[in-house]
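Summary of the model geometry
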Amino acid sequence: MERIFDGAEWVWCNDSPRADEYGEFVDCFPYEAGRAVLRISADSNYAAYVNGELAAWGQYPDFPYDKVYDEVDISDVCRKGENRLAIVVWYYGISTSSTYCRGSAGLLYELAGEEGILCRSGGETLSRMSRAYLSHRMHIITGQLGLGYGYDASREDGWMTGELSDFRPSAAVEQELPLRLRPIDKLVLLPDVDGVECAQIDDYTVVYDLGSEQVGFLCLKLDSPCAQDITIAYGEHMEDGRVRRIIGSRDFSVFYRAKEGRNVYRNPFRRLGCRYLEIHSEQPVTVEQLGIAPTMYVLSERERPGLDAFQEKVYDMCVETLHLCMHEHYEDCPWREQALYAMDSRNQMLCGYYAFGEYRFPRASLELMSKDRREDGLLSICYPIEMDFVIPSFSLHYITECREYLDYSGDREFLREIWPKLVSVAEAFTGRMEEGHSMEEGHSMEEGLVLPFAGRERYWNFYEWREGLDGYATDPSVPDVLLNSLLSLALQHLADIGEKLGMEEGRAAEGERVTEWERAAEGERAAEWERAAEGERAAEGGRTTSEVRPAEWKEGAPADYRALARRLNQRIYETFWDEEAKICHNLATGGGASQLGNALAILCGAVEGEEALGLCERLRTDKTLTEVSLSMLCFKYDAWLKVDRERYAPVILEDIRRIYAPMAEYGGTTVWETEAGASDFDNAGSLCHGWSAMPVYYYHILLGRADGSGQSDKATE
């Protein structure tokens, strides 16, 4: 049996590629009948056509050292006899995007038929730099999203089906990259959504309304009296009757040079997230179509819990948001960034388990994040990415979302694969706790706690979009309750994962013999160690900072992580709890107090019992606390549910009603990044943001049934 890509070579259209460059490649193949499977990988994005018809598109985002290929059956577009395969590849080649890690410009493909390989990439593959796609413009839409595109229809020459001009044998790209198959299904192109003219600014500028937020490829049909430049701006809302194109350094637009006469164009590369399109031309044009061809990762929706009319509206908005923020991976928002963040995706995954009941997609995103490489052991801010930039707290959310994925999917095999990554992330923080012990002799403020990360050029100590918690004024020499509580939670989640993996490994290897990890979890040594810890607590008035870590523990054992979390909780309580005010301060030096910081202290177990009960009521009534933002509502709600589910379940439902009412009344179909909507972040607020879809989760666990249509056993736990 022939090996995949055996004999195929990486190629490019020249031997000195530059950033923002388009290559066009052409090959011919015979076809009789049966399956014809195209295997293809590119840096950075591709669109493959057969006889002029789009057959495959969309490179899976990856790292150069973990390259992904697609496998697409294109037999539906093949005809008997000679066929032409035409591939356009867009090489990004930039190092500043949050959605791309730079590799070498290149294309690798082979087309397999029933009797063998029909064609493959190599030195005989003909190629050229694209004539119609404009290379080297370096137009940046946003720093996170990366490049926009330009297209010159006046330079089209019909190369996909007609005569070839300026094509030459391709240059070899000397590289051997590990390849793996795309881990999820390909996206699907849905029927076009055409915009309806809603505002004519002048003879040259017209705005079109798509009716609702859409995510997909620009498509247009128009007649132009001459060759002319056209700019198409896009956005989620209008300001003063126009689409807000320029926001700070951002430029939400693409460029199209029309040819004289009829123009028909459909972009296959850059997804636009928007509700409105604004076309501006040099001379009046007659527009037949201006719209979006939606791209979707197809999922079936599960049965919903019983909801009233308002809750149904919010649920609809949240599910639509989830759909629009899922393509090759989870995306924070489709308009401004389309980036995969560990924290954002945690919310999206949790909602998706209830809305869709699907696990391949979250696994693929978790796997992509696990491929990230950093010498400090942390995870980068986004994935895939080349920039050396980190939000440290998001690395801890990654451990949480991995534990939740295991809980809902039961996928132990995958968690075993990424276990070393989880341990290295945890050690990036626990190692800093040890450093705190050696800072000075005796007891220090930092001892037993982890400090924020120093170096603003690399580390952004962000927790949420609230003043004092957004990381812009963090003192890295002062520990805070948020990072330490998140670390405690992550250590406990890591212990949960380890126990499940340890029990499974022990049984698989030795039948039903109980492993050391399982004994600790079930109480033999755990009880012994807990008795020792309780004795020390009693000696210290119920709290102790001493380390409970017997010498016989194996490094990285779940009980080890639990003991470290207990010790950390003790230090959190001693350092941040104000006995007089009955609240946790944000900083060891004071620094005010926040709903998020106190909710996390409850969830990690640093604040317990009557103190937690009182604190929960403070979270509800104390207006002096910094209010939690949309992205972090789940932690306040979970703290309430942990302490008194019966009392706070109706409070949560009413809080969701209060917060989401403005979004429902706004008339949109998606939920916002923050309560301020489009006006936030100097008018760059997203109106479709995945992290805000959490009502889906709470409606299910609070209003659903335990029969699978809503609340599950896991949710009850």
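Structure shown above.
The paragraphs below set out a description of the structure included in this document. (Residues numbered from 1 in each chain as written. Predicted model: local features only at pLDDT ≥ 70, side-chain atom pairs only at ≥ 80, totals over all residues. Heavy atoms only, no water.)

**Details of the overall build of the chain**
- A count of helical and extended segments in the chain gives 15 helices and 31 strands.
- Looking at the chain residue by residue over its 717 residues, the buried ones come to 60%.
- For the chain, restricting intrachain contacts to residue pairs at least 6 apart in sequence, the fraction spanning at least 24 positions comes to 76%.
- Here the chain has roughly 27800 Å² of accessible surface; of this, 46% comes from carbon and sulfur atoms. (Helix = DSSP H or I, 4+ residues; strand = E, 2+ residues; numbered from the N terminus. Buried < 20%, exposed > 50% of the residue type's maximum accessible area, 1.4 Å probe, protein only. Contact = heavy atoms within 4.5 Å. Areas by Shrake-Rupley, 256 points an atom, 1.4 Å probe, with all protein chains shown as cover.)

**Points about the packing of helix α3 (residues 360-370) against helix α4 (residues 392-409)**
- Close contact between α3 and α4 brings their axes to 11 Å; oriented N to C, the two are set at 145 degrees. The handedness of the crossing between α3 and α4 is left-handed. For the pair formed by α3 and α4, the contact residues are Pro362, Arg363, Leu366, Met369 and Ser370 on the first element and Tyr398, Glu401, Cys402 and Tyr405 on the second.
- Looking at the contact of α3 with α4 residue by residue, the class counts come to six nonpolar, one polar and two charged. (Axes fitted to C-alpha atoms, helices over the stretch in contact; angles between N-to-C directions. Left-handed = near helix turned anticlockwise from the far one by under 90°. Nonpolar A, V, L, I, M, F, W, Y, C, P; charged D, E, K, R; others polar.)

**A short note on the pairing of strand β19 (residues 196-202)**
- Note: β19 against strand β20 (residues 205-224), five bridges, orientation antiparallel. Considered in β20, the bridge of valine 196 is made with aspartate 209.
- Once β19 ends, the chain turns through two residues before running back antiparallel as β20. (Pairing = 2+ DSSP bridges.)

**Describing the pairing of strand β26 (residues 253-258)**
- Summarising burial for β26: five of the six residues are buried, a large majority.
- Strand direction decides the pairing type here: strand β13 (residues 150-152) and β26, joined by three bridges, are parallel. By the bridge assignment, tyrosine 151 is partnered in β26 with tyrosine 256.
- As paired elements, strand β21 (residues 228-235) and β26 share six bridges and run antiparallel to each other. From the neighbouring strand, glutamine 228 faces β26, where its bridge partner is alanine 258.

**So, helix α9 (residues 558-576)**
- End to end, α9 covers 26 Å across 19 residues, agreeing with the expected 27 Å (1.5 Å per residue, within 8%).
- Most of α9 sits inside the fold, with 16 of its 19 residues counted as buried. (Expected span 1.5 Å × (residues − 1).)

**Comments concerning the sheet that holds strand β7 (residues 81-91)**
- As summarised here, the arrangement of the six strands in space is β5-β4-β7-β2-β10-β14, forming an open sheet in which the pairing is antiparallel. A strand with exactly one partner marks an edge of an open sheet, and here the two such strands are β5 (53-57) and β14 (168-169).
- Pairing analysis gives four bridges linking strand β2 (residues 21-31) to strand β10 (residues 126-129), with the strands arranged antiparallel. Each bridged residue has a counterpart across the sheet, and for glutamate 24 the counterpart in β10 is arginine 128.

**Description of the pattern of salt bridges**
- If you walk through the whole model with that rule in mind, you get 53 salt bridges.
- Residue arginine 257 pairs with aspartate 229 through a salt bridge whose shortest N-O separation is 2.7 Å. With arginine 257 in strand β26 and aspartate 229 in strand β21, this pair connects stretches of sequence that are 28 residues apart.
- Residue classification places arginine 257 among the partly exposed residues on the basis of a relative accessible area of 25%.
- One salt bridge in this structure joins lysine 582 and glutamate 579, with 2.4 Å as the shortest N-O distance.
- Counted as one network, the salt bridges with shared partners bring together Arg403, Asp407, Asp496, Glu499, Lys500 and Arg562. (Salt bridge = Lys/Arg side-chain N within 4 Å of Asp/Glu carboxyl O.)

**Considering the packing of aromatic side chains**
- With the rule as written, the count across this model stands at 45 aromatic pairs.
- Between tryptophan 57 and phenylalanine 217, the aromatic rings sit 5.2 Å apart at their centres with planes inclined by 80 degrees, giving edge-to-face as the arrangement. In this pair, tryptophan 57 sits in strand β5 while phenylalanine 217 sits in strand β20, placing the two residues 160 residues apart along the sequence. Phenylalanine 217 matches tryptophan 57 in its accessibility class, with the two residues each being buried.
- Geometrically, the ring pair formed by tryptophan 90 and tyrosine 92 is edge-to-face, given 5.0 Å between the ring centres and 90 degrees between the ring planes. The same class applies to tryptophan 90 as to tyrosine 92, namely buried.
- Here the aromatic cluster, defined as three or more aromatic residues joined through ring pairs, consists of Tyr22, Trp90, Tyr92, Tyr100, Tyr133, Tyr149, Tyr151, Tyr256, Tyr265 and Phe269.
- The ring of tryptophan 57 carries lysine 186 above its face, with NZ or CZ at 6.0 Å from the centroid. (Phe/Tyr/Trp six-rings, centres within 6.5 Å; stacked < 30°, edge-to-face > 60°. Lys NZ or Arg CZ within 6 Å of the ring centre and 35° of its normal.)

**Observations regarding unusual backbone geometry**
- The linkage connecting aspartate 43 with the following residue, serine 44, adopts the cis geometry, with an omega of 25 degrees.
- By the secondary structure assignment, serine 44 is in the loop between β3 (37-43) and β4 (45-50).
- For methionine 138, which is not a glycine, the phi torsion comes out positive at approximately 55 degrees.
- Within the secondary structure layout, methionine 138 lies in the loop between β10 and β11 (140-142).
- One non-glycine residue, aspartate 682, adopts positive backbone phi at about 55 degrees.
- By secondary structure assignment, the location of aspartate 682 is in helix α13 (residues 680-683).
- You can call aspartate 682 exposed: its relative accessible area is 69%.

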